[in-house]
Amino acid sequence: MRQPQRAIVSPSLVSLSLALALAASSAIAHAQTAASYDDLARSEAAANAENGKRVAPLKSIGNPTNDVSPEMQAIIGAPYPPHFNADPKTSAEWKELIDRRAKLLVAGLPAMKAKLGVKVEETKIAGVHCFIVTPNKIALENRRRLLIHVHGGGYVFGPGEAALPEAIMMAGFGGFKVISVDYRMPPDFPYPAALDDAMAVWKEVLRSHERHRLAIFGTSTGGAMTLAMVLRARDEKLPLPAAIAPGTPWSDIDKIGDSYASNEWVDNELVTWDGWLGRAAKLYANGTSLKNPYISPIYGDFKGFPPTILTSGTRDLFLSNTVRTHRKLRRAGVIADLNVYEGQSHAQYQMSVDAPETKEAFTDIAKFFDRYLKQ
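Quantities reported herein were computed from a predicted structural model and do not represent experimental measurements.

A. Seen up close, the packing of aromatic side chains. Scanning the model with the defined rule gives 13 aromatic pairs in all. Over the face of the ring belonging to Phe157 we find Arg101, whose NZ or CZ atom lies 4.4 Å from the ring centre. A cation over a ring is seen here: Lys328 above Phe302, with NZ or CZ 5.4 Å from the ring centre.

Set out below in structure tokens:
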């Protein structure tokens, strides 16, 4: 049986020039392979004649055009992020990478806040650093509702204000007051510090708010933490939120799930688990099993979970994380919606406030919350 061919270099990629050379080689190979469909079909049929791993030909994937906005097409077609294969060896190197990425995100916040009409205040809740994001206009039905936000970033990225873009979009597009939790992160604070902080905030918020008016949301790491918070709240016999929105959740932190392979090198945000992502997973877990349900919630019991809305894209490295979570929720009898966007890589529905898909995604989440949160 023919062995699988690789279109892209392994995670030991060390230079942009090498990547460009490989991309050019892949394009040439694709052109040669595409010369005769009949030959290709015969070759692939022979290579896949037995049960087991699927073997795919070298190929390139163009930008989607149908039903995808020009703004989103630009995001979908962007090059890999320069940090995708970052391999920090020390705490200092991790912190330098984290700070460098944070500065890029923080630089865009003033314009985002102005465009979406929100204000941001720093505070401490139960000793945890948080931000309160308030839209300039709150509809009457939302005035007693409150959302808790746990940000994404692989448990390492997004400290301080860099955590805010998603919270600002939810407040601006959805018209909700949002508390964004600036939880502690590696390299100084591995598991369970992040979850401990989020739970401390949840417990404190419950002192002054009815659970029926509360929801929890977050994307990627924040999606996993949203699920883990519900698991832990139930284990600690605390009230659960009325609804949750774990966007493209990192529900299995290990490299388990079909799209970790099928969308590897296709997702232009995360690219591959074997780059910075897997290294961050191990840094966060700090020796704890990657199948611990508080780290990989897919291994927890979802029975009794609140209504849930999940969001992903067809090129998302975490597409399998998302659909596995959706199916497990449904099998547990939980109300669960799933939105999957054409062509999008990981979390690209929140990459630009100017993309129509961004407003659509957050509006859908807001409508879902409106359905299940008490006024």
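B. Seen up close, helix H4 (residues 91-107). Between its terminal C-alpha atoms H4 stretches 24 Å, which fits the 24 Å expected from 17 residues at 1.5 Å a residue. At its buried positions, H4 is contacted by helix H10 (273-285).

C. Up close: the pattern of salt bridges. Taken as a whole and judged by the stated rule, the model has 18 salt bridges. Asp370 is paired through a salt bridge with Arg145; the nearest N and O atoms lie 2.8 Å apart. Taken together, the positions of Asp370 in helix H12 (residues 356-372) and Arg145 in the loop between strand S2 (128-135) and strand S3 (146-150) put the pair 225 residues apart, joining distant regions of the chain. Here Asp370 falls in the partly exposed class, since its relative accessible area comes to 38%. Given a relative accessible area of 3%, Arg145 falls into the buried group. A salt bridge links Lys255 to Asp274, with the nearest nitrogen and oxygen atoms 2.7 Å apart. One end of the pair, Lys255, is in the loop between strand S6 (243-247) and helix H9 (259-262); the other, Asp274, is in helix H10, with 19 residues separating them in the sequence. Judged by its relative accessible area of 33%, Lys255 is partly exposed.

D. Local environment of the nonpolar core. One finds Ile179, Trp202, Trp250 and Phe305 to be the most contacted residues of the largest nonpolar core, which totals 61 residues. Mapped by element, the contributors of at least two residues to this core are H4, S2, S3, strand S4 (178-181), helix H7 (193-206), strand S5 (214-219), helix H8 (221-235) and H10. With residues near it in sequence (within four places) discarded, Phe305 still touches Leu227, Val230, Leu231, Arg234, Ile244, Leu329 and Val334. Judged by nonpolar contacts, the second largest core, of 29 residues, contains Leu164, Phe173, Ala242 and Ala245.

E. Expanded view of unusual backbone geometry. A cis geometry characterises the amide bond from Pro186 onward to Pro187, with omega recorded as 10°. Residue placement: Pro187 occurs in the loop between S4 and H7. Residue Pro192 is bonded to the preceding Tyr191 through a cis peptide linkage, with omega at 10°. Topologically, Pro192 is positioned in the loop between S4 and H7. Residue Tyr155 is not a glycine yet carries a positive backbone phi of 65°. Considering the arrangement of structural elements, one finds Tyr155 in the loop between S3 and helix H6 (165-174). Among the residues examined, Tyr155 registers a relative accessible area of 1% and is labelled buried. At Val271, a position not held by glycine, the phi torsion is positive, near 70°. For Val271, the location among the structural elements is in the loop between H9 and H10.

About the thresholds
- Residues numbered from 1 in each chain as written.
- Predicted model: local features only at pLDDT ≥ 70, side-chain atom pairs only at ≥ 80, totals over all residues.
- Heavy atoms only, no water.
- Phe/Tyr/Trp six-rings, centres within 6.5 Å; stacked < 30°, edge-to-face > 60°.
- Lys NZ or Arg CZ within 6 Å of the ring centre and 35° of its normal.
- Helix = DSSP H or I, 4+ residues; strand = E, 2+ residues; numbered from the N terminus.
- Expected span 1.5 Å × (residues − 1).
- Contact = heavy atoms within 4.5 Å.
- Salt bridge = Lys/Arg side-chain N within 4 Å of Asp/Glu carboxyl O.
- Buried < 20%, exposed > 50% of the residue type's maximum accessible area, 1.4 Å probe, protein only.
- Core = buried A, V, L, I, M, F, W, Y, C linked by side-chain atoms within 4.5 Å.

Geometric descriptors of this kind do not, in isolation, establish any biological role.
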